[in-house]
Number of protein chains: 2
Amino acid sequence: MKLEYVAPQEIEQRSFEIITEELGDKKIPDEIRPIVLRCIHTTADFDYYENLYFSENAVRIAKDTLRNGAVIVTDTNMAKAGINQSALNRHGCEVMCFMSDPDVAETAKRNGTTRAATSVDKASMLNRPVIYAVGNAPTALIRLCEHIRNGTFKPELVIGVPVGFVNVVQSKEMLINSGVPCITARGRKGGSTVASAICNAILYMLDAESKS
Amino acid sequence: MKLEYVAPQEIEQRSFEIITEELGDKKIPDEIRPIVLRCIHTTADFDYYENLYFSENAVRIAKDTLRNGAVIVTDTNMAKAGINQSALNRHGCEVMCFMSDPDVAETAKRNGTTRAATSVDKASMLNRPVIYAVGNAPTALIRLCEHIRNGTFKPELVIGVPVGFVNVVQSKEMLINSGVPCITARGRKGGSTVASAICNAILYMLDAESKS
């Protein structure tokens with residue numbers, strides 16, 4: 001099996017070409033196309049052609065929020081590490097994750113809840129425009145939906161792509177029904193890499209727009 | 001769709017039960033079972049039941065290496081962030097990633113290669129037992145195979161699970177044929193979350209053994 005020679009700076013572009021070829025006749029609306037392609041690129045899993053859900057104007061809202069300098073809060077340090085720091089800097093945004101904070105661990109233990117849910121409570125005090133990106137813990141998504149229902153915290157947008165087997169499917173349907181602007185991947189799949197891929201795709205869309 | 005009540009500390013165990021139920025009659029050898037289950041747990045993708053490849057005694061070699069205090073080198077900061085730091089500490093191991101090092105970026109640019117490949121060169125100077133975990137860049141795996149062929153660097157074990165479309169499949173077959181002890185996921189799938197899941201699974205196996 002022979003290697004294909006592709007220059008380092010062209011590997012990503014070549015990957016997107018292969019994905020586009022293999023999608024064939026399948027259509028993707030322009031507005032969401034870079035996000036769908038990047039999720040497939042990140043996972044090598046064409047399920048993301050089918051499972052991604054965007055609430056009305058979700059991408060426009062995401063772009064407006066980031067354009068005005070927002071905080072992306074993630075539910076894992078992995079997702080935080082995966083978001084392109086230079087792209088965040090270019091748009092005056094930052095990323096935070098509270099999962100390793102000692103106060104979060106203590107409060108979670110005291111309340112018999114997860115650190116992921118407690119991190120949501122901590123983020124609710126930020127008093128800044130927030131995009132909340134969940135790549136791992138359905139308990140974070142469920143807690144977000146509680147805050148939204150109670151009017152105690154409403155992020156500008158929730159990227160809700162936890163992965164797994166316990167309450168993952170349910171938490172995503174709850175998110176879709178919550179009325180908050182959201183992007184999610186229906187079903188069990190998702191993950192920290194998918195959460196950061198979606199964030200990066202939106203940041204790169206902003207880059208492309210500011211160039212044109 | 002109703003939520004299932006599961007206490008925070010039982011979510012992972014419940015997930016493994018669901019995976020085991022859904023695998024049904026499918027058999028997995030005991031030696032590799034915790035790794036296969038954890039990869040499925042991390043991705044919600046049962047393809048990992050079929051695509052994981054273990055060279056002879058790979059798990060035993062991985063455990064012996066970590067038991068004696070090794071460095072895990074990762075090709076992404078995401079994979080680094082995903083490896084359980086407390087588990088590393090318990091076994092006197094550490095994790096390093098050179099991808100954000102300024103000297104790596106400079107050398108890669110000068111040589112027209114990727115930072116991932118240049119990071120392999122940097123790791124080759126460590127002079128310590130290394131487990132190399134690749135979750136993203138086939139170019140890292142290809143460079144590792146060059147070093148192994150030239151006798152300039154041979155990790156104790158390579159975890160080779162890059163994801164994607166350009167030379168990913170080829171780089172994994174190259175790894176399998178290199179003769180280095182390895183764990184890989186044949187095909188296009190993998191990723192930083194899978195790389196760290198495999199590392200964590202092995203660390204947890206050591207924990208279980210030291211308890212028993």
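As the structure is a prediction and not an experimental result, all values here were calculated from the model.

Calculation rules
- Residues numbered from 1 in each chain as written.
- Chains lettered and ligands numbered in written order.
- Predicted model: local features only at pLDDT ≥ 70, side-chain atom pairs only at ≥ 80, totals over all residues.
- Heavy atoms only, no water.
- Least-squares fit on C-alpha atoms with pLDDT ≥ 70 in both.
- Contact = heavy atoms within 4.5 Å.
- Phe/Tyr/Trp six-rings, centres within 6.5 Å; stacked < 30°, edge-to-face > 60°.
- Helix = DSSP H or I, 4+ residues; strand = E, 2+ residues; numbered from the N terminus.
- Buried < 20%, exposed > 50% of the residue type's maximum accessible area, 1.4 Å probe, protein only.
- Lys NZ or Arg CZ within 6 Å of the ring centre and 35° of its normal.
- Pairing = 2+ DSSP bridges.
- Right-handed = clockwise from strand over helix to strand, strands pointing away.

**Q** Can you lay out the relation of the copies chain B and chain A for me, pointing to particular residues and giving the numbers?
**A** The two copies are related by a screw motion: chain B maps onto chain A through a turn of 180° and a shift of 0.0 Å along the axis, at an RMSD of 0.0 Å. Such a combination of turn and shift is consistent with a two-fold rotation axis. Residue M78(B) of chain B places its C-alpha closer to the rotation axis than any other residue of that unit, at 2.3 Å. A shared binding surface is used by both copies, with 100% of the interface residues of chain B retained as interface residues in chain A.

**Q** Outline the packing of aromatic side chains, supporting the account with residue identities and numerical values.
**A** In the structure shown here, the tally under the stated rule is two aromatic pairs over all chains. Ring centres of F165(A) and F46(B) lie 6.0 Å apart, and the angle between their planes is 80°; this geometry places the pair in the edge-to-face category. One end of the pair, F165(A), is in the loop between β5 (157–160) and α10 (168–177); the other, F46(B), is in the loop between α2 (33–43) and α3 (48–51), on a second chain. Judged by its relative accessible area of 8%, F165(A) is buried. Stacked on the ring of Y49(B), the Lys or Arg K26(B) has its end atom at 5.6 Å from the ring centre.

**Q** Run through the pairing of strand β4 (residues 130–134) of chain B, naming residues and quoting values.
**A** Residue and element names in this part refer to chain B. Of all five residues that make up β4, five are buried, and the element is covered over most of its length. Side-chain alternation along β4 places V130, Y132 and V134 on one buried face and I131 and A133 on a second face that is also buried. In terms of strand pairing, strand β2 (residues 71–74) meets β4 through four bridges, oriented parallel. Bridging from a neighbouring strand, V73 pairs with Y132 of β4. Bridge count between β4 and strand β5 (residues 157–160): four bridges; the pairing is parallel. Note on β5: the bridge partner recorded for I131 is L157. Crossover handedness for the path β4 to helix α9 (residues 138–150) to β5: right-handed.

Geometric values such as these leave the question of function open.
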